[in-house]
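Listed here are the chains, written in short residue letters.
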Amino acid sequence: MADIIGLVLPFFGMIFLGYVVARITRQPIEALGWLNTFIIYIALPALFFKLVANTPIEQLTRIDFILANVSATYLVFALIFAAGLLLRRATTGEATIQGLAAAYGNIGYMGPGLALLAFGEPAAVPVALVFCFENMLHFSIAPALMALGGGEKQPAHRLAAGVARRIVTHPFIIATAAGFLAAFTGFEAPAPLQRLIDYLAQAAAPCALFAMGVTLALRPLKRVPVEIGYIVPAKLILLPVTMYLMLGLAGSFDPVWVYTAVLLAALPTATNVFVIGQQYGVWQERASATILVTTVLSVATVTALLYLIKSGLLPPDPFP
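Rules of the game
Residues numbered from 1 in each chain as written. Predicted model: local features only at pLDDT ≥ 70, side-chain atom pairs only at ≥ 80, totals over all residues. Heavy atoms only, no water. Axes fitted to C-alpha atoms, helices over the stretch in contact; angles between N-to-C directions. Helix = DSSP H or I, 4+ residues; strand = E, 2+ residues; numbered from the N terminus. Parallel < 35°, antiparallel > 145°, perpendicular 65-115°, else oblique. Left-handed = near helix turned anticlockwise from the far one by under 90°. Contact = heavy atoms within 4.5 Å. Nonpolar A, V, L, I, M, F, W, Y, C, P; charged D, E, K, R; others polar. Phe/Tyr/Trp six-rings, centres within 6.5 Å; stacked < 30°, edge-to-face > 60°. Buried < 20%, exposed > 50% of the residue type's maximum accessible area, 1.4 Å probe, protein only. Lys, Arg positive; Asp, Glu negative; His and termini not counted. Salt bridge = Lys/Arg side-chain N within 4 Å of Asp/Glu carboxyl O.

## Examining the packing of helix H3 (residues 63-86) against helix H4 (residues 92-103)
Helix-helix packing: each pair is described by the crossing angle between the helix axes and the interaxial distance.
Part 1: Contact pair H3 / H4: the axes reach a minimum separation of 8 Å and the direction vectors enclose 140°. Relative to H4, the element H3 is oriented oblique. For the element pair H3 and H4, the recorded crossing hand is right-handed. Taken together, the residues of H4 that come into contact with H3 (itself represented by Thr73, Val76, Phe77, Ile80, Phe81, Gly84 and Leu85) are Thr92, Ala95, Thr96, Gln98, Gly99, Leu100, Ala102 and Ala103.
Part 2: When its residues are assigned to classes, the contact of H3 with H4 shows nine nonpolar, six polar and no charged.

## Quick word on the packing of aromatic side chains
Part 1: Counting across every chain of the model gives seven aromatic pairs.
Part 2: Between Phe11 and Phe12, the aromatic rings sit 5.8 Å apart at their centres with planes inclined by 80°, giving edge-to-face as the arrangement.
Part 3: The exposure class assigned to Phe12 is buried, which follows from its relative accessible area of 9%.
Part 4: An angle of 20° between the planes, with centres 4.4 Å apart, marks the rings of Phe48 and Phe131 as stacked. Placement of Phe48 in helix H2 (residues 33-53) and of Phe131 in helix H6 (residues 124-148) is noted, with a sequence separation of 83 residues between them.

## Observations regarding the packing of helix H10 (residues 228-250) against helix H11 (residues 255-265)
Part 1: Remark: H10 packs on H11, axes separated minimally by 8 Å, with the N-to-C direction vectors making an angle of 155°. Between H10 and H11, the crossing angle belongs to the class labelled roughly antiparallel. The handedness of the crossing between H10 and H11 is right-handed. Facing Lys235, Leu239, Pro240, Met243, Tyr244 and Leu247 of H10, the residues of H11 in contact are Val258, Ala261, Val262 and Ala265.
Part 2: Its residues assigned to classes, the contact of H10 with H11 shows nine nonpolar, no polar and one charged.

## Overview of the side chain of Glu134
Part 1: Mapped onto the elements, Glu134 comes out in helix H6.
Part 2: Despite its burial, Glu134 pairs with no opposite charge; the closest candidate is Lys235, at 7.7 Å N-O.
Part 3: Non-local contacts of Glu134, meaning those with residues more than four positions away in its chain, are made with Asn69, Thr73, Ala103, Ile107 and Met243.

What follows is the structure, given as structure tokens:
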């Protein structure tokens, strides 16, 4: 257990440091702008390119893994979306943000660093695949459902064009696609360029985690929504369990791939859920509260999951 604590303590410690520093210095949230720009446009794209480019191309085409992962994610999304509509009488827009709060984990800021720390370089490919294909769906589902709910006032063709533009121009997606191309062609970056990529990739996790802590501090918990009662268990427990079972049903995968997908599913709600809520003026404060609560509780749940994995109590195949 001491090894597991030693694994997660530095990781969540960076989030805590960002939180404490933000509370002490009292800088406005706008002061985080350039750090977020560096993370989103430079550091994390360099990391994703590095992860994918060094991977044999045959490992990047595991459609069965991609389908199993996306199916698990959107089973939970559909369940919470329906719960929002039927139990809380939410609007389509509110139910969409609730569904994303339960299904959209912090796979960009937290995923790569924690997975690579826990499982090493073999986790690189599943991390990249999960990130790329889940984000493409998240970027598509949110505006589509908002349009159905009346929150997006534009013709269907413009909506579809906007969704496609968000996907193909997102720096994470571009970097991942460039990595796919490099893996397919066997491209090797010149030594100076490779050193720059390595340097930037190493900065991604610490900067992203620190920025996440700052963001949590500057969006304090004002009220606890009733929906947290079912969203938090869905995000931190139901989604990783569903992911584990779905991968077991889909076929035989390398244990590292299974454990990586389950770990990414267990991560707290992504800060992007707040951004989407803010974009459409829907469920903003409650999304912020959900992010804070799931992040705090994930210290315990992620630690417990890693203990089950590392101790061998969680076999890689639920249906041997």
